[in-house]
Amino acid sequence: MFGRIVAGCLAVVAIELCVVGLRGRSDRADFTYVNPSGIHTLDPARMSWTQDFRVALNIWEGLTTWHPQTTEPIAGAALFPPEISADRLTYRFVLREDARWSNGDRVTSEDFIRGWRRGMEPGTAADYTFLFTDHIAGADAYVRWRRECVSALTTGGDIEAVFDGCAGEMEKRFARVGVRAEDDRTLVVSLTRPCPYFLDLTAFPSFLPCHPSVELLRERHRGTPINAQGLVVYDPQWTKPDYHRSGYPGLTTNGPYCLEEWTFKRRARLTANPHFRDVAKIACKTVDMLEYENVSASLLAYESGRVDLLTDLSVPYDHEIARLARSGERPDFHSCVLLATYFLNFNCTSPTVAGRDNPFVDARVRRAFTLALDRDQIVDKVRRRGDRAAKSFVPPRSIPAYEPPEGLAQNAAEARRLLVEAGFSNGRELPTVELLYVPNDERMCQAMARMWEEALGVRVELRSQESKTFAEEKARQRFMIARGNWYADYNDPTTFLNCLVTDNGNNDSGYTNPRYDELLASANNAEDSAARAALLRRAEAIVVEEDCPILPILHYTETVAIQPYVSGLHANPRLWFPFRHVSVQR
Amino acid sequence: MITRLLRRLITGAATIACVYTLTFVMVVSIPGNPFQTGERNMPPEAEQALRARYHMDNNWLYFWEFLLGAIRLDFGPTFTYNEWTCNQVIAASLPVSVIVGSLAIATALLLGIPLGVLSAIRKGKLTDHLGLILVVLCISIPTFVTGSLLLILFGVYLELAPIGGWGTLSHLPLPVITLSLPFVAYIARLTRMGMLDTLGSEFLRTAYAKGLPQRMVIWKHAFKPAFLPVLSYLGPATAQAVTGSFVVEKLFGIPGIGQHFVNAALNRDPGLMMSTVLVFATLLVAFNIVVDLLYSWVDPRIIEAV
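Enquirer: Break down the overall build of chain B for me, citing the residues and quoting the values.
Expert: Helix and strand counts for chain B stand at 14 helices and 0 strands. Of the regular secondary structure in chain B, the N- to C-terminal order runs α-α-α-α-α-α-α-α-α-α-α-α-α-α. Seen through its principal axes, chain B has C-alpha atoms that stretch 85 × 55 × 30 Å. Sorting the 306 residues of chain B into buried and exposed places 43% on the buried side. Look at the contacts in chain B between residues 6 or more apart in sequence, and 73% of them connect residues 24 or more apart.

Okay, structure coming up:
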């Protein structure tokens, strides 16, 4: 009996060792890095995570791209700079003669229109539709109309007629959007208003081109280019290199690399695109992106030399990592000051939250809570990751020609005076204040609650929700104070300030102030860049010094690890690492 | 025998149906938007259209759509991993967990049974006490501690094993040992208990009286009935081991299915939540049926009694 069990167990062990041994491969790429939480999506129209951007911008190339060190826009698939009209409303991009897809096809202006259109459609686009609707002429009207179509098709009524109307009118409506192919190599873009950062935007993943073969995987209903719900939908597997349904050739890209292999939750291998113009100059012909669920394990792999680049070092002892980077004890650890802010949202609109009066509808209470907080202590004593304490929404010294306002420094006496002015003779008269956050912020939120209790005498209740529930509570404004963060999409203060415009989809505090909206609108139309910066500064002063719908806590600093034998990678605020410039001398 | 098997299959199917219904109710009741990818808010029209596209605007329809798909072994899309279907996620991760889990169970049997038998025949002696200490340590030290210690010792200091990852033989030993230790402990305790019950039996006294050597008495006559409690435990234990361990997978960076149990719930991914639960429930039912069949092989009297 026992002999049979032993024989059975040994047979199982032998078979499985053979399976793993035969299937396993350990060939190492020229360059290896770890993508901490894996690829969420490789669809440029849907992606919103930095780690996905990093892969996308290495396998695709937009009209422009970002400089590896400064992240300023430089020449991409189009000649640089483009021809810009005198009123700065029309950009005429001419594609390079040698711009090619990974299968050798020529990159055309229609390919860019196809990619951009995917970024506007309700079925394919995710977080970044606003980059088109805010900037490209006619895009807002088109997107609104498309959303109305989709809404009409899902709410009932004469579905057939609505569907035919939508499908029949789509091309006519899209023709009014300000992107036009003058010829195969010339793309003309019309803007809604002068946009000083537009060339920065054209390097962003949402503005990448899309190969025509993707159309083979488009869902069609009754021969139309939309599905039964009125959405433009493609088979989501179009981003896989080995997907061949309906004659699809697999993912075709136009960047320095192409995706050779993508194994779920294990790795993605990039190989140099043989048709890329500078392929001869690419030192690392193969790049492996490994997925580790555990950051500590990925750090151990880095320390043992199996990994060349780590972009996430959020281990439990990350304060020590940050210290080693700052002190120079580990020259391979680099601090990157990000263009990103962690802040708290005050609920400015709902008079009651969970049956309690919400005191934050009064700007004086919001200001008092802002003044009561010692943000330096939170950064230096609680988080200890080398971040910068924030008093403004836009990080200082980060955007050229813009310096944010001073903001409110800690002043407990003034905070108490403001509470009295708001009708609360002491903090105990305020209803219990609730702070909503995600579990990762536990220590910081405990520290902030303590500071408010000590400075103002208020009672603070902490409510931790895991991220999905938190997002829903925040979106439905079921909070008094909720954590928030914002990572800049482009190099301009409006990437932050637009979030607080009335009815903006990301205005979680529900803040509204016509004066603020007007200042941002005036800045959008300002001719002179200094005048524009001044208007934006005045607008930001309203939100960080007067109305305080948000309470900026810190501007993020991230530590990355680059092996000393790797050159060509630079710490930068976007964590943008173009692998085509990397060389490895082990 | 066939009637019994059929009865077990029918009750198994009913169990899986109940598990599916309960899971479905929980999945549609919990708050959170499966279509939201980050903290940025989604246009309500797009969300409404996506819900309509996947029939999630009508729970009754969604219940039957998913169930019929599952019967055809098509679990539909995941919303967490845009480019991957639930089938692809399971196909990519379940074999990994099956390999690690079954190796862990095999290791546990190879170590646990001799340890249990040794403890039983040396009851009250030093070997028994040492075995007990070992068992208590294996049960009480959580896998994230043993795994981390093994990782630091063999991965960092001795550099004998890779630091996490998957794909080569060298990636196997540390996670397999970590996962197997609690099973070693339970199997050793159950074997010891079974063996102690059996050692006092009259038929063993007869065997000794006939002059059989102790090795033959223990392994040929006593072990078979003593193994029955272990066999009962093996059904759920194997299902648990081969459907992945979140902790071990996370610690060693193994792309198994265990992480999807947790991540699917955190991401509110309805398809992935229900498909992983269904896979687990099916394996649990299947292993219990296999154990039932093995019972009849080990001791036909049990089946006759039933």
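Enquirer: Describe the domain arrangement of chain A, and please don't skip the residues or the numbers.
Expert: Residues and elements named next belong to chain A. Annotation of chain A at the domain level lists domain 1 (39-247), domain 2 (257-336 + 559-584) and domain 3 (337-558). Relative to domain 3, the C-alpha centre of domain 1 lies at a distance of 34 Å. Across the boundary between the two partners, domain 1 contributes 7 residues, which contact 7 residues of domain 3. Residues belonging to the side of domain 1 that touches domain 3 are distributed by class as follows: 5 nonpolar, no polar and 2 charged.

Enquirer: Can you lay out the confidence of the model for chain A for me, pointing to particular residues and giving the numbers?
Expert: Confidence in the prediction of chain A, expressed as mean pLDDT, is 92, and 99% of residues score 70 or more. Ranking the helices and strands of chain A by mean pLDDT puts strand 5 (residues 90-94) of chain A first, with 98, and helix 1 (residues 2-23) of chain A last, with 77.

Enquirer: Describe the packing of helix 4 (residues 86-121) of chain B against helix 5 (residues 126-140) of chain B, naming the residues involved and giving the relevant values.
Expert: All names here are of chain B. Axis separation between helix 4 and helix 5 bottoms out at 7 Å; the angle between their running directions is 140 degrees. By the angle between their directions, the pair helix 4 and helix 5 is classed as oblique. In this structure, helix 4 meets helix 5 at a crossing whose hand is left-handed. From helix 4, L115, L118 and S119 reach across to helix 5, where they touch T127, D128 and G131. Residue composition of the contact of helix 4 with helix 5, by class: 2 nonpolar, 3 polar and 1 charged.

Enquirer: Residue-level account of the pairing of strand 9 (residues 267-272) of chain A, with values.
Expert: All names here are of chain A. Most of strand 9 is tucked away, with 6 of its 6 residues classed as buried. Residue alternation in strand 9 divides its side chains into two sets, R267, R269 and T271 and A268, L270 and A272, and both sets are buried. Relative to strand 9, strand 8 (residues 257-263) is paired through 6 bridges, and the arrangement is antiparallel. Within strand 9, the residue paired with T263 across the bridge is R267.

Enquirer: Which residues make up the sheet that holds strand 7 (residues 186-190) of chain A, and what values do they have?
Expert: Residue and element names in this part refer to chain A. What the 4 strands build is an open sheet, ordered 4-5-7-6; its pairing is antiparallel. Looking at the sheet topology across the chains shown, the edges are occupied by strand 4 (83-84) and strand 6 (179-183). Direction of pairing for strand 4 relative to strand 5: antiparallel, over a ladder of 2 bridges. Looking at strand 5, one finds that I84 is bridged to Y91.

Enquirer: Would you mind going over the nonpolar core in detail, with residue names and values included?
Expert: By size, the foremost hydrophobic cluster in this structure holds 242 residues, and its most contacted members are A:A372 and B:I187. At 19 residues, helix 4 of chain B tops the list of elements feeding residues into this core. Not counting residues up to four positions away in its chain, the partners in contact with B:I187 are B:A108, B:L109, B:G112, B:I113, B:G116 and B:V230.

Enquirer: Report on the pairing of strand 10 (residues 286-291) of chain A, specifying residues and quantitative values.
Expert: All names here are of chain A. Counting buried positions along strand 10 yields 5 of 6 residues, so the element is predominantly enclosed. Where strand 1 (residues 31-35) lies against strand 10, 5 bridges are found, and the strand directions are parallel. Each residue of the ladder has a partner; that of N35, found in strand 10, is E291.

Enquirer: Break down helix 3 (residues 59-71) of chain B for me, with residues and values.
Expert: In a regular helix each residue adds 1.5 Å, so 13 residues correspond to 18 Å; helix 3 of chain B covers 18 Å between its end C-alpha atoms and thus fits that length. Just downstream of helix 3 of chain B, B:L73 is the residue with a positive phi angle, here 60 degrees.

Conventions we followed
Residues numbered from 1 in each chain as written. Chains lettered and ligands numbered in written order. Predicted model: local features only at pLDDT ≥ 70, side-chain atom pairs only at ≥ 80, totals over all residues. Helix = DSSP H or I, 4+ residues; strand = E, 2+ residues; numbered from the N terminus. Buried ≥ 20, exposed ≤ 12 C-beta atoms within 10 Å, placed from the backbone. Contact = placed C-beta atoms within 7 Å. Domains from an automatic or database assignment. Nonpolar A, V, L, I, M, F, W, Y, C, P; charged D, E, K, R; others polar. pLDDT = per-residue confidence, 0-100. Axes fitted to C-alpha atoms, helices over the stretch in contact; angles between N-to-C directions. Parallel < 35°, antiparallel > 145°, perpendicular 65-115°, else oblique. Left-handed = near helix turned anticlockwise from the far one by under 90°. Pairing = 2+ DSSP bridges. Core = buried A, V, L, I, M, F, W, Y, C linked by C-beta atoms within 7 Å. Expected span 1.5 Å × (residues − 1).

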